[in-house]
Amino acid sequence: MPFQEDFAVEQFMDRYETGISYNLGETCCHSLTLAEISQLSNDKPFQLDPDMRLTYGAIKGSKDLRTLIAGLYGVQFSADNVLVTNGAIGANFLLYYTLVGKGDHVICVHPTYSQLYSVPKMFGAEVTLLELSEKDSFLPNLDTLKKAIKSNTKLIIINNPNNPLGCVISDELLTSICELCKEKNVYLHCDEVYRPIFHSLPSGVTTPRSAAQIYDNAVVSGSMSKAFSLAGIRLGWIVSKNAKLLRDAASRRDYNTISVSMVDDAVAQYALKNCDAIVKRNYELCLENLKILDKFMDGNADIFQYVCKPQAGTVCLIKVSQIEDTLSFAKFLAEEYSVLTVPGETFDFPGTLRIGYANDTKDLQEGLPLLKSAYTNWLARETVDGN
Ligand SMILES: Cc1ncc(COP(=O)(O)O)c(C=O)c1O
């Protein structure tokens, strides 16, 4: 069996997520009920057709659903450009299962959701991490990327908006990355699971297009979980203009998915018909919650600082003064204060916590002050232990 690293971020969240009171670790825009979707959009309530026969359904996802997903990417896309998967996690896994193996070289941005580099490694690819650093505003450096490309580089992996940093690759930089991939004949995977929640772009910066709109050999992954608040239906997708890639992925998918639940397909269709209302709600939720987070950060600037001011998506990393072992601090927060954050160690970024700020506003209002109390008590404890 190939070696597979533990998925640190998922394991940490799984350990605490259901038992805590204040969830500042959540990456989804506050999850919705079906009743709330109908209230948001004034649509009639969702109803599952009781006469729907529960077969495997359409193997690639129903045509209606794939057409709705294609609609998120513009008129150049149709149902044929879409393959439905079990969440973006299933989409990413399927893509690497399809594209990479022993002898291939892959370049992946870092930090990011670690699935994006650990699964290609597990499939036998040689993986180069493209470090996102402060001097480049935590964006891919084009020269470093160029230099990292080798004769056997098959795939470049980026994540826009980025988890955990919350920063955004601009349309200009994305276009340059696509041009480079085209010139070197390399596939591009862009994990776009936080699209289209671009709520706080710096002035003058426009919303970047999807990589699939720019480059024919780009493939993007997305899902209903984050921007559409429906992680409970486990429904994601890959989208590309490359028909052969989609055919190959569909053929691999027969081995691990067959099809996605017909019930999930029906719920996703209902939500995507009302996607404008959902995205508007989530955009406003992020802006409102960020005001609370910004105020907290301003008031405690001696303790907590943004690694990168959040521009989009639902998460950001914050530095914690004087604490290098944020893994132990995050456990202390969860166990003693019932507050879930995610330690930066799960992204190879110790000394930081990842904060998800798109959950229920109440979680931020009540959880953030506890973060401060926990910090004070943690340092006091260390002093006592030190004595
Ligand atoms: C960047 C990224 N990709 C993919 C996923 C998986 O999302 P899902 O499978 O719920 O669609 C996540 C979840 O946190 C993520 O942050």
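Note that the coordinates shown come from a computational prediction; the quantities given were computed from them, not determined experimentally. (Residues numbered from 1 in each chain as written. Predicted model: local features only at pLDDT ≥ 70, side-chain atom pairs only at ≥ 80, totals over all residues. Heavy atoms only, no water.)

Trainee: For this particular structure, what's the right way to read the site of the ligand?
Mentor: The environment of the ligand is formed by 15 residues, the closest being Asp 191, Tyr 194, Ser 223, Ser 225 and Lys 226. Between the ligand and Ile 89, the relevant distance is 3.0 Å, taken from an oxygen atom to a main-chain nitrogen or oxygen of the residue. Within the side chain of Tyr 194, a nitrogen or oxygen atom sits 2.7 Å from an oxygen atom of the ligand. Judged by its atoms lying within 2 Å of the grid points, the ligand is housed in the largest pocket. Counting residues per element, the shell around the ligand draws most heavily on helix 4 (residues 87-99), which supplies 4 residues. When the residues that make up the shell around the ligand are grouped by side-chain class, the tally is 5 nonpolar, 7 polar and 3 charged. (Near = heavy atom within 4 Å. Polar contact = N/O pair within 3.5 Å; in protein donor to acceptor, adjacent residues only side chain to side chain. 1 Å grid on protein atoms, 1.4 Å probe; cavity = no way out; pocket = protein on both sides within 12 Å on 5 of 7 lines; lining within 4 Å. Sits in = over half its atoms within 2 Å of the grid points. Helix = DSSP H or I, 4+ residues; strand = E, 2+ residues; numbered from the N terminus. Nonpolar A, V, L, I, M, F, W, Y, C, P; charged D, E, K, R; others polar.)

Trainee: Before we go on, may I ask you to explain the pattern of salt bridges in this structure?
Mentor: Pairing between side chains of opposite charge can happen when the charged atoms of each approach one another. For the coordinates displayed, the defined rule picks out 9 salt bridges. Residues Glu 284 and Lys 280 are paired through a salt bridge, measuring 3.1 Å at the closest nitrogen-oxygen approach. In this pair, Glu 284 and Lys 280 both sit in helix 11 (residues 275-299), 4 residues apart, roughly one turn of the helix. Across the salt bridge formed by Lys 309 and Asp 294, the nearest N and O atoms sit 3.1 Å from each other. One end of the pair, Lys 309, is in the loop between strand 9 (304-306) and strand 10 (315-320); the other, Asp 294, is in helix 11, with 15 residues separating them in the sequence. (Salt bridge = Lys/Arg side-chain N within 4 Å of Asp/Glu carboxyl O.)

Trainee: Explanation requested: the UniProt feature "domain: Aminotransferase class I/classII large" (unreviewed entry) in the protein chain in the structure shown.
Mentor: UniProt annotation of "domain: Aminotransferase class I/classII large" (unreviewed entry) refers to residues 35-364 when read in the numbering used here. Within residues 35-364, the helical portion is 38% and the strand portion 17%, while the C-alpha atoms at the span's ends are 24 Å from each other. (UniProt positions renumbered as here; feature names shortened; annotations may be inferred.)

Trainee: Hey, could you run me through the layout of surface pockets in this one?
Mentor: Over the atoms, a rolled probe matching the size of one water molecule traces out where space is still vacant. In this structure, the largest pocket spans a volume of roughly 460 Å³. Lining the largest pocket are 24 residues, and of these Glu 10, Thr 27, Tyr 113, Lys 226 and Arg 234 sit closest to its centre. Listed by contribution, the elements that provide at least two residues to the lining of the largest pocket are helix 1 (8-16) and helix 4. Of the residues belonging to the lining of the largest pocket, the class tally is 9 nonpolar, 7 polar and 8 charged. (Points joined across faces, edges and corners; volume = space filled by probe spheres on them.)

Trainee: Where do I start with the pairing of strand 5 (residues 153-159) in this structure?
Mentor: Every regular strand shows the same layout, with side chains that alternate between the two sheet faces. Taken across its 7 residues, strand 5 has 6 buried, putting it largely inside the fold. Inspection of the sheet shows strand 3 (residues 105-110) paired to strand 5 by 4 bridges, in the parallel sense. Residue pairing across strands places Ile 107 opposite Ile 156, the latter belonging to strand 5. Across 5 bridges, strand 5 lies against strand 6 (residues 187-191) in parallel orientation. Paired with Leu 155 across the strands is Tyr 187, a residue of strand 6. The parallel pair strand 5 and strand 6, bridged by helix 7 (residues 171-184), forms a crossover whose chirality is right-handed. (Buried < 20%, exposed > 50% of the residue type's maximum accessible area, 1.4 Å probe, protein only. Pairing = 2+ DSSP bridges. Right-handed = clockwise from strand over helix to strand, strands pointing away.)

Trainee: I tried to follow the nonpolar core on my own but got confused; where do I start?
Mentor: General note: in soluble globular proteins, nonpolar side chains tend to be found buried as a group. Within the largest apolar cluster, 96 residues are counted, with the highest numbers of intra-cluster contacts made by Leu 188, Met 224 and Phe 329. In terms of residues, this core owes the most to one element, helix 11, which gives 8 residues. The residues that make up this core include at least three from each of domain 1 (8-34 + 277-380) and domain 2 (46-274). If we ignore the near neighbours within four places in the chain, the residues touching Met 224 are Ser 229, Leu 230, Ala 231, Ile 233, Leu 235, Trp 237, Ala 268, Ala 271 and Leu 272. (Core = buried A, V, L, I, M, F, W, Y, C linked by side-chain atoms within 4.5 Å. Domains from an automatic or database assignment. Contact = heavy atoms within 4.5 Å.)

Trainee: I keep staring at the domain arrangement of the protein chain and nothing clicks. Help me out?
Mentor: How big an interface is tends to be expressed through the accessible area that disappears when the partners come together. Its domain assignment divides the protein chain into domain 1 (8-34 + 277-380) and domain 2 (46-274). A straight line from the C-alpha centre of domain 1 to that of domain 2 covers 25 Å. At the interface, 34 residues of domain 1 touch 34 residues of domain 2. Of the roughly 2900 Å² buried at the junction of domain 1 and domain 2 (both faces included), carbon and sulfur atoms supply 61%. For domain 1, the biggest contributors to the area lost against domain 2 are Leu 34, Gln 311 and Phe 347; these three give 23% of the whole. At the boundary of domain 1 with domain 2, the tally comes to 0 salt bridges. The set of elements that each furnish at least two residues to the side of domain 1 that touches domain 2 consists of helix 1, helix 11 and strand 10. Ranked by residues supplied to the side of domain 1 that touches domain 2, first place goes to helix 11 with 9 residues. Looking at the side of domain 1 that touches domain 2 residue by residue, the class counts come to 22 nonpolar, 7 polar and 5 charged. (Buried area = accessible area lost by both parts, 1.4 Å probe.)

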